[in-house]
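A structural walkthrough
Here's the letter readout for the chains.
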Amino acid sequence: MSDDVKDAGLMAMISSILGGNKRAEIVAPPPLTEVPPTAPTNGFEPVPASTPESPKPDAASDAAPAAAKTAEPAVKVATTPDGRQLLPAEAIADLVLGELRKMEDFPATGASVTVYGYRHWNAMITFAPFSTSFQNATRFRRAMPDLVVKLRRFVALEI
């Protein structure tokens, strides 16, 4: 992050504390699409579980291991009567953070999302010092309510 951006954020914070008239300009958040959210990946590919290999004496025994390998049952996702997925707060926080990362100039590190509530869950975003500018943080915080309303249609908080 450049020194100019840090200085602008610092000046905006000082100005807001001292009651100056320099405020972050109002920026409308980008429109949200009506596509269900996708869970972000952590950048690592899943590694299949390794099984010890045993020597195969003949071709007839090749058919037996193939028959023994059955498809593992799919993980059952709990849903509400209205069709929303029940997810824990950490998973919803990852979804919210994944959606925010799609926005322009969102910091790669230093952002944290906390999900709280019950039926009408909500989310709060916090930023580490110098992870983003004051103007960008304001823009991301203004986008949060629309994002939460969109995600509530697809996801319910699991207790």
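The model shown is predicted, which means the values in this text are computed figures rather than measured ones.

Right, let's get into the pairing of strand β3 (residues 122-127). Two faces make up the sheet, and in a regular strand the side chains alternate between them. Only one face of β3 is buried: it carries Ala123, Ile125 and Phe127, and the other face, with Asn122, Met124 and Thr126, is open. The pairing of strand β2 (residues 111-116) with β3 spans 6 bridges and is classified as antiparallel. Residue pairing across strands places Ser112 opposite Thr126, the latter belonging to β3. The antiparallel hairpin formed by β2 and β3 contains 5 residues in its connecting segment, where Gly117 sits at a positive phi of about 105 degrees.

A pair of packed helices is characterised by two quantities: the angle between their axes and the separation of those axes. In contact at an axis separation of 11 Å, helix α3 (residues 89-100) and helix α4 (residues 134-152) are set at 125 degrees when each is read in the N-to-C sense. One way to sum up the angle between α3 and α4 is to call them oblique. When you trace α3 past α4, the crossing you get is right-handed. In this structure, α3 uses Leu95, Val96, Glu99 and Leu100 to contact α4, whose residues at the interface are Phe140, Met144, Leu147, Lys150 and Leu151. Taken together, the residues of the contact of α3 with α4 sort by class into 7 nonpolar, no polar and 2 charged.

In this structure, Tyr116 sits in strand β2. Owing to a relative accessible area of 42%, Tyr116 belongs among the partly exposed residues under this scheme. Along the primary structure Tyr116 and Ala93 are separated by 23 residues, whereas in three dimensions their C-alpha atoms are 9.6 Å apart. Not counting residues up to four positions away in its chain, the partners in contact with Tyr116 are Trp121, Asn122, Ala123 and Met124.

Calculation criteria
Residues numbered from 1 in each chain as written. Predicted model: local features only at pLDDT ≥ 70, side-chain atom pairs only at ≥ 80, totals over all residues. Heavy atoms only, no water. Buried < 20%, exposed > 50% of the residue type's maximum accessible area, 1.4 Å probe, protein only. Helix = DSSP H or I, 4+ residues; strand = E, 2+ residues; numbered from the N terminus. Pairing = 2+ DSSP bridges. Axes fitted to C-alpha atoms, helices over the stretch in contact; angles between N-to-C directions. Parallel < 35°, antiparallel > 145°, perpendicular 65-115°, else oblique. Left-handed = near helix turned anticlockwise from the far one by under 90°. Contact = heavy atoms within 4.5 Å. Nonpolar A, V, L, I, M, F, W, Y, C, P; charged D, E, K, R; others polar.

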